[in-house]
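# Coordinate analysis (summary)
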Amino acid sequence: MFSKKTVRDIDVEDKIVLVRTDYNVPLVPVEAGELENEPIIINPTSESKQQIASDLRIHASLPTIKYLLEHKAAKIILMSHLGRPNGQRDKSLSLYVAAEKLAELLPGVTVNFVDDVSGPEVEMAIEDLPDGGILLLENLRFSPEEEANSEEFAREIVDSTHAELFVQDGFAVVHRAHTSTEAITHILPSVAGLLLEKEVKTLTEITKNPAHPFIVLIGGAKVADKQPLIDKFSSVADTIYVGGKIAADGYKSNNPKIIVAEDFDEDSTGVKLDIGPVSTTKLVELLQNAKTVLWNGVLGKVEDAAYATASTIVAKVIGENPNITSVICGGDTSGFVENLCADDPELKFSLVSTGGGAALELLSGQALPGVDGLEDL
């Protein structure tokens with residue numbers, strides 16, 4: 001059960017709708033002449049040649065955007081952050097590249113970009129935007145007021161965009177009390193987008209009513225980040241399997257539900273960089289009978305193909321089994337699984353979460369300021 005209103009619960013027709021998306025996408029530099037497409041929208045702000053390495057988060061925003069288009073929102077204004085510019089304008093972190101990608105994904109829809117988030121230039125861009133058009137504002141974090149959770153900054157954005165409704169669809173940032181997640185909800189009627197609803201409902205359901213056997217798979221590097229998750233699911237899961245660097249560094253537990261990887265693949269210097277064949281086989285046997293799997297944290301140094309073996313095997317076992325409700329969360333894990341899906345479209349997962357910290361905090365039972373401020377049903 002999702003306790004907040006969503007876009008389905010309000011009338012968006014003829015309204016200017018302000019949407020907080022999460023377009024904090026990974027970028028890779030390219031040489032001049034290597035870009036796949038020439039810019040196809042207005043106002044490029046960066047001289048750097050970059051393209052998006054993974055567009056998972058842009059694709060994830062499409063259901064809410066398409067809903068607003070289909071229900072005749074007058075104009076759709078998108079806002080997001082990208083990277084950590086620390087309140088300074090950094091041309092290499094311009095959201096122009098995200099607007100360009102969005103325009104490719106929505107042929108026939110006007111997608112414009114403006115290199116500010118408030119002020120006369122934004123007002124002019126709104127005025128010039130045709131009905132049914134989309135405008136992406138520049139990187140919110142170019143302004144230090146974004147992370148300061150400033151109501152004054154929120155008011156500037158609202159006044160400049162003439163927004164009448166706010167839709168929170170940036171799940172990956174709702175654990176932060178920032179201007180675009182918390183302060184904005186004090187100014188506009190505020191509801192959830194379809195991505196936010198899906199993420200919260202799926203992650204909440206897995207904590208309260210998972211089908212059994214329920215396997216929680218923990219990897220990654222930082223015990224401090226993972227221990228709250230282990231503690232949370234110790235009473236819910238049938239088995240918690242710990243791999244990754246945590247296991248390689250000697251994680252121990254007296255809980256009989258917790259299994260820790262015991263053998264590892266090592267490099268020439270003896271550094272443990274992936275769980276080994278014995279541990280992988282034991283994990284695969286566990287997964288064969290699973291009905292629910294929550295996976296957070298890769299099992300090895302997956303950026304090196306030689307040490308991505310266990311994670312690849314596990315992803316295929318989960319993704320090829322239609323009887324498993326599978327939730328993949330954590331930035332590295334979601335990115336890894338997404339790349340596998342790009343190569344093998346037959347792999348299917350119930351949810352590849354767009355939120356790392358937000359998913360962890362929700363699963364651990366912590367409050368999410370960006371959700372709490374939305375209107376209740």
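Preceding this section is the structure that the text describes.
For the structure given in this document, a descriptive report is provided here.

### A short note on the pairing of strand E10 (residues 239-242)
Along E10, one buried face is formed by Thr-239 and Tyr-241 and the opposite face, lined by Ile-240 and Val-242, is buried too. As paired strands, strand E9 (residues 214-218) and E10 are joined by 4 bridges and run parallel to one another. The residue bridging Leu-217 from the neighbouring strand is Tyr-241, located in E10. For the segment spanning E9, helix H6 (residues 223-233) and E10, crossover handedness is right-handed.

### Remarks on the side chain of Asn-139
Looking at the element boundaries, Asn-139 is found in the loop between strand E6 (133-137) and helix H4 (151-161). The buried category is assigned to Asn-139, whose relative accessible area is 2%. A polar atom in the side chain of Asn-139 sits 2.7 Å from the backbone oxygen of Leu-82. For Asn-139, the side chain forms a polar contact with the main-chain oxygen of Leu-93, separated by 3.1 Å.

### Here we look at the sheet that holds strand E14 (residues 292-296)
One open sheet accounts for 6 strands, arranged E11-E10-E9-E14-E15-E16; its pairing is parallel. Every interior strand has two partners, whereas the edge strands, strand E11 (258-260) and strand E16 (351-352), have only one. In this structure, E14 lies alongside strand E15 (residues 325-329), joined through 5 bridges in parallel fashion. Across the sheet, residue Trp-295 finds its bridge partner in E15, namely Ile-328. Contacting E9, E14 and E15, helix H9 (residues 309-319) runs over the sheet at an angle of about 150° to E14.

The rules behind each value
- Residues numbered from 1 in each chain as written.
- Predicted model: local features only at pLDDT ≥ 70, side-chain atom pairs only at ≥ 80, totals over all residues.
- Heavy atoms only, no water.
- Buried < 20%, exposed > 50% of the residue type's maximum accessible area, 1.4 Å probe, protein only.
- Helix = DSSP H or I, 4+ residues; strand = E, 2+ residues; numbered from the N terminus.
- Pairing = 2+ DSSP bridges.
- Right-handed = clockwise from strand over helix to strand, strands pointing away.
- Polar contact = N/O pair within 3.5 Å; in protein donor to acceptor, adjacent residues only side chain to side chain.
- Contact = heavy atoms within 4.5 Å.
- Axes fitted to C-alpha atoms, helices over the stretch in contact; angles between N-to-C directions.

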